[in-house]
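Descriptive analysis of the structure
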Amino acid sequence: MYKLIACDLDETLLTDNKQITFDNQQAIKAAVAQGVHFVPNTGRSFLTVQHNLEQLGLFQQKNEFVISYNGGAIVENYLNQILQTQPMPFEVVKQLFELGISYGCCVHVYTLDRLYIWNINAAEISYITGRVNTWSECHRPTMDFLKSAKLMKIIFLLPAEEQRKRMRQQVQASFAYPMNITFSSDRYIEFNSITADKGQAVLKLGRKLGIKPEEIMAIGDNGNDLPMIEQAGLGVCVANGKKFVKQVAGYITQADNNHGAVAEAIKKFVL
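Residues numbered from 1 in each chain as written. Predicted model: local features only at pLDDT ≥ 70, side-chain atom pairs only at ≥ 80, totals over all residues. Heavy atoms only, no water.

1. With respect to the overall build of the protein
Looking only at helices and strands, the protein features 10 helices and 14 strands. Taking 18 Å as the expected radius of gyration for a compact globule of 271 residues, we find that the protein reaches 18 Å, a close match to that expectation. Each principal axis of the C-alpha distribution contributes one length, and for the protein these read about 50 × 35 × 35 Å. Taken over 271 residues, the protein has a buried fraction of 58%. Relative to all contacts within the protein whose residues are 6 or more apart in sequence, the contacts with residues 24 or more apart total 62%. Just so you have it, the protein exposes about 11,300 Å², and 49% of that area is on carbon and sulfur atoms. (Helix = DSSP H or I, 4+ residues; strand = E, 2+ residues; numbered from the N terminus. Rg over C-alpha atoms; globule rule 2.2 N^0.38 Å. Buried < 20%, exposed > 50% of the residue type's maximum accessible area, 1.4 Å probe, protein only. Contact = heavy atoms within 4.5 Å. Areas by Shrake-Rupley, 256 points an atom, 1.4 Å probe, with all protein chains shown as cover.)

So this is what it looks like as structure tokens:
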């Protein structure tokens, strides 16, 4: 029996309109009522998912959790207690930041509790509104004011896949610091500490809860979900997921993120 469900949010649990379908809500609540842990495992901040937790009956609940920043933080829902973080060194983030700015990218830098964005445009504002509750728009091309902050990850908006691939190759060739580099939402390239990925984080949480890897089901759609899909007892890719994710998943849903894909997986394997 699966005792923990780790689930991506954007393009997996959430519809394109940033909602959780009724079917998904009901299936998740039924699984939780049976004692299953439902853990949002997202690239975003834990602070951006509080409304989603309310919808699922998990808001401020003890012994329930969110994994944020692609595994960079594990947080208990009750009082948003930070259990573990995997931050990046300031100098590495600064070097990445300067690279992104030199290419004119929209750059996001996440601290533990804030998001700072440079070169934001109307399309990006439209995309993140409803997914991210607040952010600070920055106009000066410097991040020196964040030198004392705990830096969780940095991402660039690069809408073309070839752009993301070229950027990954460039960073891998020019940075000595080992990084976890992933793609998400068909628009971002994301940089985390090598010790931070969704798979490592969910296995650590599982150990804390006495849950074995084979008792974990992971559901996702894109490259940053691969580690948890590969390492969980059952990896599930939603119908709208990327081809390379489907190739490693143990199950591919018939439904996409707009039509209750998560509910389909839960009903088939948990309830």
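2. Quick look at the sheet that holds strand S1 (residues 4–7)
Within the open sheet, the 5 strands sit side by side as S2-S1-S12-S13-S14. Their pairing is parallel. Of all strands in the sheet, those bounded by a partner on one side alone are strand S2 (37–40) and strand S14 (251–252). Relative to S2, S1 is paired through 4 bridges, and the arrangement is parallel. Looking across to S2, one finds that leucine 4 is bridged to histidine 37. Seen against the sheet, helix H10 (residues 261–269) touches S1, S2, strand S12 (216–220), strand S13 (234–237) and S14 and runs at an angle of roughly 160 degrees to S12. (Pairing = 2+ DSSP bridges. Axes fitted to C-alpha atoms, helices over the stretch in contact; angles between N-to-C directions.)

3. So, the side chain of serine 45
Residue placement: serine 45 occurs in the loop between S2 and helix H3 (50–56). Looking at serine 45, the relative accessible area reads 6%, which means it is buried. A polar side-chain atom of serine 45 sits 3.0 Å from the main-chain amide nitrogen of leucine 47. Setting aside its immediate chain neighbours within four residues, serine 45 contacts Ser68, Tyr69, Tyr110 and Leu112. (Polar contact = N/O pair within 3.5 Å; in protein donor to acceptor, adjacent residues only side chain to side chain.)

4. Quick notes on the packing of aromatic side chains
Within this structure, the stated rule accounts for 7 aromatic pairs. Residues tyrosine 116 and phenylalanine 145 carry aromatic rings whose centres are separated by 5.4 Å and whose planes lie at 75 degrees to one another, so their mutual orientation is edge-to-face. You can see tyrosine 116 sitting in strand S7 (residues 115–118) and its partner phenylalanine 145 sitting in the loop between strand S8 (136–138) and strand S9 (151–157), a full 29 residues away along the chain. Since its relative accessible area comes to 12%, tyrosine 116 is described here as buried. Judged by relative accessible area, which is 45%, phenylalanine 145 ranks as partly exposed. Relative to phenylalanine 269, the ring of tyrosine 251 has its centre 5.1 Å away and its plane inclined at 80 degrees; by these criteria the two rings are edge-to-face. Remark: phenylalanine 269 occurs in helix H10 and tyrosine 251 occurs in strand S14; sequence separation between them is 18 residues. (Phe/Tyr/Trp six-rings, centres within 6.5 Å; stacked < 30°, edge-to-face > 60°.)

5. Comments concerning the side chain of threonine 21
Within the secondary structure, threonine 21 sits in the loop between helix H1 (9–13) and helix H2 (22–33). For threonine 21, a relative accessible area of 17% gives the class buried. In this view, threonine 21 contacts Thr15, Asn258 and Gly260; residues no more than four positions away in its chain are not counted.

6. Some words on helix H7 (residues 198–209)
For H7, which comprises 12 residues, the first-to-last C-alpha distance of 17 Å matches the rise-based estimate of 16 Å (1.5 Å per residue) to within 8%. Of the positions making up H7, those classed as buried are Lys198, Gly199, Ala201, Val202, Leu203, Leu205 and Gly206. Contacts from the buried residues of H7 go to S1, S2, strand S3 (65–68), strand S4 (73–76), S12 and helix H8 (226–231). Two to three positions downstream of the cap, the backbone nitrogen of glycine 199 sits 2.8 Å from a side-chain oxygen, assigning the N-cap of H7 to aspartate 197. Phi for glycine 210, located one or two positions after H7, is positive at around 75 degrees. (Expected span 1.5 Å × (residues − 1).)

7. Description of helix H6 (residues 161–174)
The terminal C-alpha atoms of H6 lie 20 Å apart, and with 14 residues this matches the ideal 20 Å at 1.5 Å per residue to within 8%. Those residues of H6 hidden inside the fold are in contact with helix H4 (90–102), S9, strand S10 (179–184) and strand S11 (188–193).

8. Observations concerning the pairing of strand S6 (residues 106–111)
With 6 of 6 residues buried, S6 lies mostly within the body of the structure. Neither face of S6 is exposed, since Cys106, His108 and Tyr110 on one face and Val107, Val109 and Thr111 on the opposite face are all buried. In the sheet, S6 pairs with S7 via 4 bridges, with the strands oriented antiparallel. Counterpart to valine 109 in the pairing with S7 is tyrosine 116. Following S6, the chain reverses through 3 residues before pairing antiparallel with S7.

9. Focus on the nonpolar core
Ile5, Leu13, Phe38, Met217, Ile219 and Ile266 are the most contacted members of the largest nonpolar core, which totals 47 residues. If you tally residues by element for this core, the top one is H10, at 5 residues. Beyond its immediate stretch of four places on either side in the chain, isoleucine 219 contacts Ile5, Ala6, Cys7, Asp8, Thr12, Met228, Val236, Val238, Val262 and Ala265. Ranked by size, the runner-up nonpolar core spans 27 residues in total, among them Val109, Tyr116, Met167 and Phe183. (Core = buried A, V, L, I, M, F, W, Y, C linked by side-chain atoms within 4.5 Å.)

Worth remembering: the numbers are spatial, not functional.
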